[in-house]
Amino acid sequence: MDSYQGSDKLALQQSIVHHVEYTLARTRFDFSKFHSYQALSHSVRDRLIEAFNDTNLHFHQMDAKRIYYLSLEFLIGRCLQNALVNLDLEEDYREALMDLGYKLEELYDEEVDPALGNGGLGRLAACFLDSLATLNYPSFGYGIRYTYGIFKQLIKDGYQVESPDFWLNHGNPWEIERLDVQYQIRFYGFVKKVWDHGVERSVWEGGETIMARAYDTPIPGYNTQNTIALRLWKSHPASEFDFSSFNTGDYFKALEQRQKAEYITSVLYPNDSTDAGKELRLKQQYLLVSASMQDIVRRFKRRKVLDWNAFPQKVAVQLNDTHPALAIVELLRILIDIEQLDNMSAWQIVTKSFNYTNHTVLPEALEKWGVPLIEKLLPRHLEIIYLINFLFLEKVQQKYPNNWGKLSALSIVEEEGTKKVRMANLSIVGSKFVNGVAKIHTELLKTTIFKEFFEMHPNKFQNKTNGVTPRRWVRCANPALAALYDRVLGSDKWVLDMEQLKQLESHVSDPQFVREFQMIKIENKERFVHWIRKTCQVDLNVDSLFDIQVKRIHEYKRQLMNILYVIYRYLIIKESTPEERKRIVPRSVCFGGKAAPGYVNAKRVIKLINSVADVINNDHQIGDLLKVVFMPNYNVSNAQIIIPAAELSQHISTAGTEASGTSNMKFIMNGCLILGTLDGANVEIDEAVGRENIFIFGTQVEDVDNMKEKMRNTDPHEYFPQELLKVFTEIDNGRFGHNEELKWIVDSIRYKNDNYLVGQDFKDYIKAQQQVDDLYRQPNEWAKKSIYNAIRSYKFSSDRTIYEYAEDIWQLKPIKVPEPAAQKHER
Ligand code: Z2T
């Protein structure tokens, strides 16, 4: 990218040295690798900020419509390499640093990995920001600047131990603190009714107020001046001092009260697809929503003429799941109580501005807040929710007169037991469009959990299949593959237009091309082996099949089925004759992923994996034929090492449970084969790469209910196949340690309910695993199929996804920020 500052080697070196002296206040005699990382980052930050300022000014001058992506999670990962790649400065800085005696790649490893998200949902938000910036869409991400990100996972004695992630320990060069952007946020209090020119108005007063302060992280697009903001809010005490406490002389108590405000944004809730339902979480949600909507309204009001009806033409808000759904209610409150619009005009504006993305059909993830809690914390919002529900149920009554079934299914308020607000219903009613994240998932929304809504408003529902950014997941994570593409395609255009990879179809029959592809995989495997040795103290054989399952640990994702199969494979090897052993394909089975701290079954699966790994890896009869690794603390930065090294990756959720999955897309982009079920985006990956290039097994979604019924009605000894019963017996007998917990995991499917059909799918899984082995014995065939996965993955670029959102949901056109004029270089 062009810059007002020079980008020749000398200019870059001067800027780094400048930051050593003036930002870090260090001399060159007292200097560590981390200090060079810091100086380098500040130098890159300067360049980001130029583009960022240009972008904000240009969008303002153009009076651009903007899209606001509201999310409680943004899992952006490390920033340095991504910024250098997107600014096209990686080579220049590499050379500049070489002279100063530093290796760029080593400095990358000095950066903390910002982990303000749980898994797929937060990472999707981060990929979307990269695509929004790259495609020149005027946009903002809004989220929370948690002081503590997702916990760091340690493994002690085979168990997961959580340790706090205080990621700001060494400062954060990638954010801009905006002391001038702060909003008041109110909690608790009461609603006062006042008469104003014959109209009754509501005023929310009393309670506690705190401040939300903005921190902006610039997000650069690839090869464009456009750089958008990820604006994260941090809670602060209100500036007025609490004089009542002070007057009683209790100075310390007054200060203590102020400290409590900081607590609100202190920690990310570590649940992936389950609803915690805690008061603090509701406060976090409201803080995000209130600060963001105040900010959006303020920006709208800076326009020359104030015309509220133009709001939906200038603003589109995307709700990342129901977590920020109160934004709908907050905008209504601002429009009605503060801007004094009438109820119906305000409602029209709101329902044209909001859209909602659903990310799961699992009932335990659907957010419901008890009416008493909302009434206490947000009394005015509860009134508004009742108003929305009243207006909506009137429509329902018109369409389906006296149909109590419809009314109770569609109502925003659940009346059974203690009354609850259903956030999904609120989101659907308040939105223009609702979307699922993969074809199969959207179909399930329409036919199961949101059936009644779909029947009432069929045109509200859309599919937007997820995607991932090829910048981070190919260009950054797999530089060798990127270089191969650049060379064979003649340019780096594929990074912006993944469909260019279609041109590589003809190269699959070129043995030289296939060999180069294989070499790249081997190099990536070597880098991975090195990293595993360092972090897990296990030696992997580079020639073994690298078989990987990395994702949050959840029963529906069936890591249990994977480890039970590993045991089965171990038993086969133990029983095999020397002749048979020669034909066995050596495998390295690697697991990674965090369990929610309160999720007992998930934690036990981690213990089982580690117990099995202990026995197998130390069995001298086995050697390299089978290795099992649990990689601690799976996160974005180690995913960038793991994924490019994978040859087989497992996405084996019970059909109908995984909304999409996004790592499946990252794996195929890096030339990896999938072993998976017809669930989530696997269905579309299967269509894209062809059935001959993917290993598909298991019960299909149409049959899941029947199979569950069968499972409940069958005796465990008939239901579970012999192969699995044998594995159960070995665990029972203490082959992997005499630990009650290992038996309990088995019992959870054996005597309770095998709700995720491990028993049902096991035989088909074994069969698919055999097909994997058969193909791996033919390295050339394996390589070709891997290449087909990589070059047919273009649909799964988040650029395609974002383009579809912009066209079909936001009605948003790109606005390209002009490059800095050439003469500015002179200054
Ligand atoms: C999450 O990561 C996902 C869904 C959630 O539902 C919550 C969280 Cl934190 C409330 C995941 C889905 O499980 C996954 O299938 C999907 O690919 C991802 O969101 C992005 O859509």
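Cut-offs applied
- Residues numbered from 1 in each chain as written.
- Predicted model: local features only at pLDDT ≥ 70, side-chain atom pairs only at ≥ 80, totals over all residues.
- Heavy atoms only, no water.
- Core = buried A, V, L, I, M, F, W, Y, C linked by side-chain atoms within 4.5 Å.
- Buried < 20%, exposed > 50% of the residue type's maximum accessible area, 1.4 Å probe, protein only.
- Helix = DSSP H or I, 4+ residues; strand = E, 2+ residues; numbered from the N terminus.
- Contact = heavy atoms within 4.5 Å.
- 1 Å grid on protein atoms, 1.4 Å probe; cavity = no way out; pocket = protein on both sides within 12 Å on 5 of 7 lines; lining within 4 Å.
- Points joined across faces, edges and corners; volume = space filled by probe spheres on them.
- Nonpolar A, V, L, I, M, F, W, Y, C, P; charged D, E, K, R; others polar.
- Near = heavy atom within 4 Å.
- Polar contact = N/O pair within 3.5 Å; in protein donor to acceptor, adjacent residues only side chain to side chain.
- Sits in = over half its atoms within 2 Å of the grid points.
- pLDDT = per-residue confidence, 0-100.
- Pairing = 2+ DSSP bridges.
- Axes fitted to C-alpha atoms, helices over the stretch in contact; angles between N-to-C directions.
- Phe/Tyr/Trp six-rings, centres within 6.5 Å; stacked < 30°, edge-to-face > 60°.
- Lys NZ or Arg CZ within 6 Å of the ring centre and 35° of its normal.
- Salt bridge = Lys/Arg side-chain N within 4 Å of Asp/Glu carboxyl O.
- Patch = residues over 30% accessible without salt bridge, like charges linked within 9 Å, V, L, I, M, F, W, Y side chains within 5 Å.
- Areas by Shrake-Rupley, 256 points an atom, 1.4 Å probe, with all protein chains shown as cover.
- Parallel < 35°, antiparallel > 145°, perpendicular 65-115°, else oblique.
- Left-handed = near helix turned anticlockwise from the far one by under 90°.

Visitor: Can you help me understand the nonpolar core in this one?
Guide: Ranked by size, the top nonpolar core spans 205 residues in total, and within it Trp233, Ile388, Tyr485, Phe528, Met631 and Trp810 carry the most contacts. Per element, the largest residue contribution to this core is eleven residues, and it comes from helix H9 (residues 279-301). Leaving out residues up to four positions away in the same chain, Trp810 has contacts with Lys65, Ile67, Leu132, Ala316, Gln318, Asn355, Ile802 and Tyr805. In terms of nonpolar packing, the next biggest core, distinct from the first, is built from 64 residues, Met561, Ile563, Phe591 and Leu673 among them.

Visitor: Looking at this model, I keep getting lost on empty space enclosed by the protein. Mind explaining?
Guide: One way to see where empty space is left: roll a probe the size of a water molecule over the atoms. All told, the structure shown has nine cavities of 30 Å³ or more when counted by the stated rule. Computed from the structure, the largest cavity encloses a volume of approximately 910 Å³. Considering the residues around the largest cavity, the lining is formed by 48 residues, among which Asn118, Gly119, Gly120, Leu121 and Asp272 are closest to the centre. Among the elements of the structure, helix H6 (120-134), helix H25 (636-645) and helix H26 (663-669) are those that each provide at least two residues to the lining of the largest cavity. Here the element with the most residues in the lining of the largest cavity is H6; it accounts for four residues. In the lining of the largest cavity, the residues fall into 17 nonpolar, 18 polar and 13 charged. Looking at the lining of the second largest cavity, the elements that each hand over two or more residues are helix H3 (80-86), H6 and strand S8 (208-220). Of the residues belonging to the lining of the second largest cavity, the class tally is ten nonpolar, three polar and four charged.

Visitor: In this structure, what is going on with the site of the ligand? I would like to understand it.
Guide: In the region of the ligand, 17 residues are neighbours, and Leu121, His359, Asn466, Glu658 and Gly661 sit closest. Note that an oxygen atom of the ligand is positioned 3.4 Å from one of the backbone N or O atoms of Gly120. A distance of 3.3 Å separates an oxygen atom of the ligand from a polar atom in the side chain of Tyr556. A molecule is said to occupy a pocket when more than half its atoms come within 2 Å of that pocket's grid points, and by this definition the ligand occupies the largest cavity. Tallied by class, residues from the shell around the ligand come to five nonpolar, nine polar and three charged.

Visitor: Would you mind showing me how to read the confidence of the model for the chain here?
Guide: Note that predicted coordinates carrying low pLDDT should not be read in detail. The pLDDT averaged across the chain works out to 96; a share of 98% of its residues lies at or above 70. Segment residues 823-827 is flagged for pLDDT under 50; beyond a separation of four residues in sequence, or across chains, it makes five contacts in the model. Both confidence scores are given for the complex: pTM 0.97, ipTM 0.99.

Visitor: What should I look at first to understand helix H17 (residues 439-447) in this one?
Guide: Working note: α-helix, 3.6 residues per turn, so residues spaced by three or four point in the same direction. Those residues of H17 not exposed but buried are Ile440, His441, Thr442, Leu444, Leu445 and Lys446. Considering only its buried residues, H17 is in contact with strand S15 (433-436), helix H18 (451-456), strand S16 (461-463) and helix H27 (682-689).

Visitor: Looking at this model, I keep getting lost on the sheet that holds strand S5 (residues 176-187). Mind explaining?
Guide: Sheet strands pair by backbone hydrogen bonding; their relative direction is either parallel or antiparallel. With respect to topology, nine strands assemble into an open sheet ordered S5-S8-S9-S2-S1-S10-S11-S15-S16, the strand pairing being mixed. Across the chains shown, the open sheet's two edge strands, defined by having one partner strand only, are S5 and S16. Strand-to-strand twist of the sheet, defined as the mean angle between neighbouring strand axes without regard to direction, takes the value 25°. Along the sheet face, helix H2 (residues 33-61) touches strand S1 (66-70), strand S2 (139-144), S5, S8 and strand S9 (227-237) and points at about 95° away from the line of S9. Strands in contact with helix H16 (residues 423-430) are strand S11 (354-357), S15 and S16; relative to S11, the strand with the most contacts, it is inclined by about 140°.

Visitor: I tried to follow the packing of aromatic side chains on my own but got confused; where do I start?
Guide: What describes a pair of aromatic rings is the distance from one ring centre to the other and the angle between the planes of the rings. For the structure on display, the rule yields 32 aromatic pairs. Centre to centre, the rings of Phe454 and Phe461 are 5.8 Å apart; their planes meet at 90°, and the pair counts as edge-to-face. The ring centre of Phe546 lies 4.5 Å from the NZ or CZ of Lys525, which sits over that ring. Against the face of Trp473 rests Lys666, its NZ or CZ located 4.4 Å from the ring centre.

Visitor: Explanation requested: the pattern of salt bridges in the structure shown.
Guide: Oppositely charged side chains can form a pair if their charged atoms are brought close together. Applying the stated criterion to the full structure yields 59 salt bridges. Between Glu723 and Lys763 there is a salt bridge, with its nearest N and O atoms 3.8 Å apart. Here the residue Glu723 occupies a position in helix H30 (residues 722-732), and Lys763 occupies one in helix H32 (residues 758-776), the gap between them amounting to 40 residues. Residues joined by salt bridges that share partners form a network here, namely Arg178, Asp216, Arg231, Asp295, Arg298 and Arg299.

Visitor: Any chance you could explain a nonpolar patch on the surface here in plain terms?
Guide: Taken together, the side chains of Tyr148, Phe166 and Val267 make up a nonpolar region of the molecular surface, amounting to roughly 230 Å² of accessible area. Position of Tyr148 relative to the elements: it lies in the loop between S2 and strand S3 (152-156).

Visitor: Sorry if this is basic, but what is going on with the sheet that holds strand S13 (residues 413-414) here?
Guide: Read from one edge to the other, the open sheet built from three strands follows the order S12-S14-S13, with strand pairing classed as antiparallel. A strand with exactly one partner marks an edge of an open sheet, and here the two such strands are strand S12 (368-370) and S13. Inspection of the sheet shows S13 paired to strand S14 (residues 420-422) by two bridges, in the antiparallel sense. If you follow Glu414 over to S14, its bridge partner there is Lys420.

Visitor: Mind showing me how you'd approach unusual backbone geometry here?
Guide: Glycine aside, residues mostly have negative phi, and peptide bonds are mostly found in the trans state. Its identity is not glycine, yet Asp63 carries a phi of approximately 50°, on the positive side. With respect to the helices and strands, the residue Asp63 is situated in the loop between H2 and S1. Even without a glycine there, the phi angle at Tyr188 is positive, about 60°. Along the chain, Tyr188 turns up in the loop between S5 and strand S6 (190-196).

Visitor: Explanation requested: the packing of helix H22 (residues 559-575) against H32 in the structure shown.
Guide: The packing of two helices is summarised by the inter-axis angle and the distance between the axes. Look at H22 against H32: their axes get within 11 Å of each other, and the N-to-C directions meet at 60°. Taken as axis vectors, H22 and H32 run oblique relative to one another. The handedness of the crossing between H22 and H32 is right-handed. Here H22 contributes Met561, Asn562, Leu564, Tyr565, Tyr568 and Arg569 to the contact with H32, which in turn contributes Val758, Asp761, Phe762, Tyr765, Ile766, Gln769 and Asp773. Of the residues assigned to the contact of H22 with H32, the class counts are eight nonpolar, two polar and three charged.

Visitor: Is there a simple way to explain the packing of helix H11 (residues 326-338) against H16 in this structure?
Guide: Look at H11 against H16: their axes get within 9 Å of each other, and the N-to-C directions meet at 55°. One element, H11, and the other, H16, form an angle in the oblique class. Across the interface between the two elements, Leu326, Ile328 and Val329 from H11 touch Met423, Leu426, Ser427 and Gly430 from H16.

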